[in-house]
Amino acid sequence: QVQLVESGGGLVQAGGSLRLSCAASGSIFSIRTMGWYRQAPGKQRDLVATITSDDTTTTTPSVKGRFTISRDSAQNTVYLQMNSLKPEDTAVYYCYAEVIHTSRSLTDYWGQGTQVTVSS
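Residue positions within a chain follow its written sequence, with the count starting from 1. Only residues with pLDDT of 70 or above have their local features reported here, since the model is predicted, and side-chain atom pairs are shown and tallied only from 80 upward, although totals for entire chains, interfaces and linings are computed over all residues. As a rule here, side-chain values come from all non-hydrogen atoms in the structure, and water together with hydrogens is ignored.

### Let's talk about the state of the cysteines
Two cysteines joined by a covalent bond between their sulfur atoms form a disulfide. Pairs of cysteine sulfur atoms within 2.5 Å are what we label disulfides. All chains considered together, the criterion is met by one disulfide. Cys 22 shares a disulfide with Cys 95; S-S distance 2.0 Å. Across the S-S bond linking Cys 22 and Cys 95, the dihedral sits near -80 degrees, which makes this disulfide left-handed. Separated by 73 residues along the polypeptide, Cys 22 in strand β3 (residues 18-26) and Cys 95 in strand β9 (residues 91-100) bring together distant segments of the chain. In terms of burial, Cys 22 and Cys 95 fall into one category: buried. Runs of H or I in DSSP of at least four residues are treated as helices and runs of E of at least two as strands, each being numbered from the N terminus. Each residue is placed in one exposure class: buried if its accessible area under a 1.4 Å probe, protein chains only, is under 20% of its type's maximum, exposed if it is over 50%, and partly exposed if it falls in between.

So this is what it looks like as structure tokens:
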């Protein structure tokens, strides 16, 4: 079993910054892709950014230039640096990881979510 523990959410004024962290622990041989999704009230969960094991990143256009995803593979941790935050960034942010277990099986895991609220 694998756990993803997120931290760093909170309330911030428009134009401010937050840094989200997500640490994976448990039966992990390696992690392929890690990423962040977000879900605003009444909306579907949408991709924010992903990063592969060779540090190739993708970022959704609405946050490009403002959000940066990075990872520390040795610590099985992924980060999301969010700058120039806007009220429309308000959502629950979920961490995601494609985990290869010590058994070499592959499973997708999600964190519990962390609330990010941006006030205008």
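Still more to cover.
### Section: the nonpolar core
Generally speaking, soluble globular proteins have nonpolar side chains that are buried together. In this text, buried Ala, Val, Leu, Ile, Met, Phe, Trp, Tyr and Cys residues form a nonpolar core when linked through side-chain atoms within 4.5 Å. Trp 36, Leu 80, Met 82 and Tyr 93 are the most contacted members of the largest nonpolar core, which totals 29 residues. Looking at this core, the elements with two or more residues in it are β1 (2-7), β3, β4 (30-39), β5 (45-51), β7 (67-72), β8 (77-82), β9 and β11 (114-119). With five residues, the top contributor of residues to this core is β9.

### Some remarks on the pattern of salt bridges
If charged atoms from side chains of opposite charge come close, those side chains can pair. Here a salt bridge means any side-chain nitrogen of Lys or Arg lying within 4 Å of a carboxyl oxygen belonging to Asp or Glu. Applying the stated criterion across every chain, the model contains three salt bridges. The closest approach of N and O atoms between Arg 32 and Glu 98, which form a salt bridge, is 3.6 Å. One end of the pair, Arg 32, is in strand β4; the other, Glu 98, is in strand β9, with 66 residues separating them in the sequence. Taking relative accessible area as the criterion, Arg 32 reaches 38% and is therefore assigned partly exposed. The class of Glu 98 is buried, set by a relative accessible area of 16%.

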